[in-house]
Amino acid sequence: MSVKEIRPTDIKDNVFRLIGQDWILVSASHNGKTNGMTASWGGLGILWGRPVAYIFIRPTRYTKEFVDASDHMTLSVFDVKYKPMLQYFGTVSGRDEDKIAKNALTLEKDGAYTYFAEARLTLLAKKLYAQQLEEQFFTAAAADPADGPRSHYPKQDYHTMYVAEIEKVLVKE
């Protein structure tokens, strides 16, 4: 299989399914090491006149250290057969083991970006903005104790939101 570059506007996937159900692997590299984590919160859109992805990472995640230290990140989507691998990346910390080696993933380089050869869709994105969510900015509508946004933070470990410009989209043919 070969990889070709497409424009962000040519992505055919349903964004809600892509992120919320298929999941994405967020990865970044720093000091010669790459780490990644599974994410199911985020989105794609237009901001500041640019195609962007926005993702959310909790402060306890090891991958956050890599995303914070780098100007670049990749968002990778895999075929359904990789769902167990994505589950693993979402529950095991890269602090404890080399998740990439354990799953026999192949790292590829594209300038400042490191991505996975096995991904069916990869977004190469340059970080533009990062801000931690704060309690004071939740609205009254977020207060539903059963399923409102506040219910996701019993330890008040609020995510950091990242906005990243999609510089390149790679798809397997």
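Scoring rules and cut-offs
- Residue positions are given per chain, counting from 1 as you read along its sequence in written order.
- pLDDT decides what is reported in this predicted model: residues at 70 or higher carry local features, side-chain atom pairs at 80 or more are listed and counted, and totals for whole chains, interfaces and linings draw on all residues regardless.
- Side-chain calculation: all heavy atoms of the structure are included, whereas hydrogens and water are not.
- UniProt positions are given in the numbering used here, feature names are shortened, and annotations may be inferred rather than shown by experiment.
- Whenever a carboxyl oxygen of Asp or Glu lies within 4 Å of a side-chain nitrogen of Lys or Arg, that contact is scored as a salt bridge.
- Put simply, DSSP marks the helices as runs of H or I at least four residues long and the strands as runs of E at least two long, and each gets a number from the N terminus on.
- Burial here depends on accessible area, computed with a 1.4 Å probe over protein chains only, as a share of the maximum for the residue type. Under 20% is buried, over 50% is exposed, and the range in between is partly exposed.
- We call two residues in contact when some of their heavy atoms are within 4.5 Å.
- Pairing of aromatic rings covers Phe, Tyr and Trp, the last through its six-membered ring, and needs centres within 6.5 Å; plane angles under 30 degrees mean stacked, over 60 mean edge-to-face, and all others mean tilted.
- Among the buried residues, those of types Ala, Val, Leu, Ile, Met, Phe, Trp, Tyr and Cys that are joined through side-chain atoms within 4.5 Å form a nonpolar core.
- For the purposes of these results, a polar contact is taken to be a pair of N or O atoms within 3.5 Å, where, inside protein, one atom must be able to donate a hydrogen and its partner to accept one; residues adjacent in sequence count only when each atom of the pair is a side-chain atom.

The chain goes by Flavin reductase like domain-containing protein in an unreviewed UniProt entry, where it is assigned to Selenomonas noxia F0398. According to the UniProt record, the Sequence similarities (unreviewed entry) comment for the chain reads "Belongs to the flavoredoxin family."

Below, the discussion takes up the pattern of salt bridges. With the rule as written, the count across this model stands at 14 salt bridges. Here D22 makes a salt bridge to R120, at a shortest N to O gap of 3.6 Å. On the criterion of sequence distance, the pair formed by D22 in helix α1 (residues 15-22) and R120 in the loop between β8 (113-116) and β9 (121-132) is long-range, its members being 98 residues apart. The salt bridge involving R95 is made with E65; its shortest N-O contact spans 3.1 Å. With a gap of 30 residues between them, R95 in the loop between α3 (83-91) and α4 (99-102) and E65 in helix α2 (residues 62-69) connect regions that are remote in the sequence. One salt-bridge network, held together by shared partners, links D13, R17, D22, D79 and R120.

This paragraph deals with the environment of H30. With respect to the helices and strands, the residue H30 is situated in strand β2 (residues 24-30). Classification of H30 as partly exposed rests on a relative accessible area of 33%. Spatially, the C-alpha atoms of H30 and E134 are 27 Å apart, while their sequence positions differ by 104 residues. The residues touching H30, leaving out its near neighbours within four places in the chain, are F66 and A69.

A separate point is the UniProt feature "domain: Flavin reductase like" (unreviewed entry) in the chain. In the UniProt entry, the feature "domain: Flavin reductase like" (unreviewed entry) is given for residues 22-126. The span residues 22-126 shows a helical share of 21% and a strand share of 46%, and its end C-alpha atoms are spaced 23 Å apart.

Inspection of the secondary structure puts G20 in helix α1. Given a relative accessible area of 40%, G20 falls into the partly exposed group. For the pair G20 and W41, spaced 21 residues apart in the sequence, the C-alpha separation amounts to 6.4 Å.

A few words now on the packing of aromatic side chains. Applying the stated criterion across every chain, the model contains 9 aromatic pairs. A centroid spacing of 6.3 Å and a plane angle of 65 degrees characterise the contact between W48 and Y129, whose relative ring orientation is edge-to-face. A residue pair is termed long-range when its members are at least 10 positions apart, and W48 in the loop between β4 (42-47) and β5 (50-57) and Y129 in strand β9 qualify at 81 residues. For Y129, a relative accessible area of 32% gives the class partly exposed. Through successive ring pairs, a cluster of aromatic residues spans F78, Y82 and F116.

Attention now goes to the nonpolar core. Counting 26 residues, the largest nonpolar core has I24, V26, I55, M73, L75 and V169 as the members making the most contacts within it. Elements with a minimum of two residues in this core: α1, β2, β3 (33-39), β5, α2, β6 (72-77), β9 and β10 (160-172). With 5 residues, β10 is the largest single contributor of residues to this core. When neighbours within four sequence positions are excluded, V169 is seen to be in contact with K4, E5, I6, R7, P8, I11, L121, T122 and L123. W23, L86, Y88 and L105 belong to the second largest nonpolar core, which has 12 residues in total.

Within the secondary structure, S27 sits in strand β2. Of the polar contacts made by the side chain of S27, one reaches the side chain of T74; its length is 2.4 Å. Aside from chain neighbours lying at most four places away, what touches S27 is T34, N35, G36, M73, T74, T114 and F116.

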